[in-house]
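The lines below spell out each chain.
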Amino acid sequence: MSLLSIKKLSKSFGGLIAVNNLSLDIQPGELVGLIGPNGAGKTTVFNILTGVYPPSSGEIWFQEHSLVGLKPYQITQKGIARTFQNIRLFDNLTVLDNVRIALHSHSAYRVTSSFIRSASFKKGENSMRRKAMEILKIFKLDDKYDEIARNLPYGEQRRLEISRALAAQPRLLLLDEPAAGMNPQETQELMELIRWVRNAFSLTVLLIEHDMSLVMGVCERIYVLDYGMLIAQGSPQEIKSHPRVIEAYLGEEVATVAEDQQH
Amino acid sequence: MADTNQVNQMQIANVENYPRGLRWVILVGVLLLYLGILGLKESGSLNPYHIQILCLICINIVLVVSLNLINGFTGQFSLGHAGFMAVGAYVSAFLTRNVINQLTFSGAEWLVTLEKAGLFLLVILAGALVAAFLGVLVGLPTLRLRGDYLAIATLGLGEIIRILLINLDVVGGARGYAVPKLTNFSWAFWLMVIAVLLMVNFINSTHGRACISVREDEIAAEAMGINTTRYKVMAFTLGAFFAGLSGALFAHLFVYISPQIFGFLRSIDILVMVVLGGLGSITGSITAAIFITVVMEMLRQLVELRVIIFAVILILVMLVRPQGLLGNREITDLFRRKQRGDPDEPAQHQKAV
């Protein structure tokens, strides 16, 4: 049984078809990449998956539930969390609060308890604090829990965004260009972290990366989008030598040359 | 890779950085303040006029903090606060005149006093609840709007309530409505303390953080599983509840209410106090409510000129401190052990892991 299954998904904005008849399947525990050149529709796929846009047509099934028509917060509560291409932290709040907000939908106490600071309030707050610190520790942000998110260095903001997404306790984690703006060493560390997190939290990860070489290292299976259409799928090895992928990335002429060289 | 199970317990307990018992210290301070004012009143240093001003300060504090909940913490720009205040005032006044005043009390004097106090509390709560109900009713459709549109919609709401009241003859219409004087300093003070305490508790809970996340980034909040509409309506309703409560206190303090009192300008006055104190600071709201109420009274002799002076103060504050007097800081921040801002210096408890 696949964890996420997208069937014939399309999305058009006016005359522009951003996603065209896309179908994909993700099995539990997989680390899947979604790549493609600029403007291929990768982020649009994420936005549809997370309920930001309604799809024009098609179906999305997650753990046997349809996600079409659900609001973003409902989808998150069903077990899909995401990060954003251009970081969207709660800038003026502390690192700890950023993570605690993501824990909110799993918090155990009611509004009335918070007014009177009842025992369940204290218990709930303590357990949220503990969980948040545990997550921050994994991402080596625990000593900065009291820092305002805006003041963190770029790489740490990226890590905080991932830890915040993890705090929402997802089954499926969507990462939108997690390595954007990172230097090669940071990227390497991040990729190892993603792989580790996937195993430690028994997650399924779908990640968008603009940069092909990075995805090749970490993903087990890759989907390639171009102009909203799926042009290839398979293992990194298959994708690397796929003529249509080379064509999409480097242009037709190079693709022909590459093909000639192979013969 | 870090071991998840070894987060130091010490560290979790200390994570808020507040010294233990700070809340109790503050509450004892509040009690001392109350007793001090009562003492001054008994000794004759404070005349009834002063007491009236102090009551008004308490009422304004509730108004400003409750509007800050909507505008400052949840980031929804509301201009209809006087409308909710009017609802609380008129509902409670109507109930006082038609229920409490129709009852005959008998029995021991202390029992009658107690019964009357209980009824007054119920009347205030009724006013607040009706205002809160209206808050839900209006909040559900209008909170889908953003920014300027929401401001205009809530402005319209305030005006609708005002015009409605002008045309309601049951409560005196434009002539106004006389109300028995039931609010005294103790009522105003302690209801203010309770209201502020409840709102502070709310803000410092996971539900309060959910509201703040809506202000910070609505899209990210939704993506983190926060039902943003629910929290917007919740903040709006709470704000309306406490505006209704202060309206009820207001009506029974000034003995006479009319629709004009709850016009657009009052909403603006409350908003000015919120902005002056700092959007997102309860301490700032309280400070600004005290400051502006006192300044307005001191300038009373200057009649029209006081509006100009007031405007000049506002312009100066906005030029010098656009984030408001206190920004989003709280007085309790003073007691936090400082950790922010020095990344070179590792926190002491960090090494204990």
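Presented here is a report on the structure given in the accompanying data block.

Calculation rules
Every chain is numbered independently, its residues counted from 1 as its sequence is written. Both sets of labels track the order of writing: A upward for chains, 1 upward for ligands. For a predicted model such as this one, the threshold for reporting local features is a pLDDT of at least 70, and the threshold for listing and counting side-chain atom pairs is 80 or more; totals across whole chains, interfaces and linings nevertheless cover every residue. Helix and strand assignments follow DSSP, with helices taken as H or I runs no shorter than four residues and strands as E runs no shorter than two, numbered in order from the N terminus. Exposure classes come from backbone-placed C-beta atoms, where a residue is buried if 20 or more other C-beta atoms lie within 10 Å of its own, exposed if 12 or fewer do, and partly exposed in between. Two residues qualify as being in contact provided that their C-beta atoms, derived from the backbone, are within 7 Å of each other. For two strands to pair, DSSP has to find at least two bridges joining them. Note on geometry: axes are C-alpha line fits, over the in-contact stretch for helices, and angles between N-to-C directions span 0 to 180 degrees.

Topic: the environment of A:Asp226
Residue and element names in this part refer to chain A. Looking at where Asp-226 falls in the secondary structure, it is placed in strand E9 (residues 221–226). Given 20 C-beta atoms within a 10 Å radius, Asp-226 is considered buried. Through-space distance from the C-alpha of Asp-226 to that of Pro-37 is 6.6 Å; in sequence the pair is 189 residues apart. Setting aside chain neighbours within four positions, we find Asp-226 in contact with Gly-36, Pro-37, Ala-40, Ile-231 and Ala-248.

A closer look at the pairing of strand E3 (residues 31–35) of chain A
All names here are of chain A. Burial analysis of E3 places five of its five residues in the buried class, which makes it a mostly covered element. Neither face of E3 is exposed, since Leu-31, Gly-33 and Ile-35 on one face and Val-32 and Leu-34 on the opposite face are all buried. In the sheet, E3 pairs with strand E8 (residues 204–209) via five bridges, with the strands oriented parallel. For Leu-31, the partnering residue across the bridge sits in E8 and is Val-205. Here four bridges tie E3 to E9, and the two strands are oriented parallel to one another. Among the inter-strand pairings, Ile-35 is bridged to a residue of E9, identified as Val-224.

Some details on the sheet that holds strand E10 (residues 229–234) of chain A
All names here are of chain A. Judged by pairing direction, the sheet is mixed, and its six strands sit side by side in the order E6-E7-E8-E3-E9-E10 without closing on themselves. Since the sheet does not close on itself, it has two edges, and those belong to strand E6 (80–82) and E10, each with one partner. Sheet twist, expressed as the average angle between the axes of neighbouring strands with direction ignored, equals 20°. Relative to strand E7 (residues 172–176), E6 runs parallel, the two sharing three bridges. Counterpart to Ala-81 in the pairing with E7 is Leu-173. Lying over the sheet, helix H10 (residues 243–250) contacts E9 and E10, oriented at roughly 125° with respect to E10.

Some remarks on the interface of chain A and chain B
Taken together, the contacts link 41 residues of chain A with 33 residues of chain B. Elements that contribute at least two residues to the side of chain A that touches chain B include exactly helix H2 (72–78), helix H3 (95–103), helix H4 (111–116) and helix H5 (119–138) of chain A. Ranked by residue count, the leading element in the side of chain A that touches chain B is H5(A), at nine residues.

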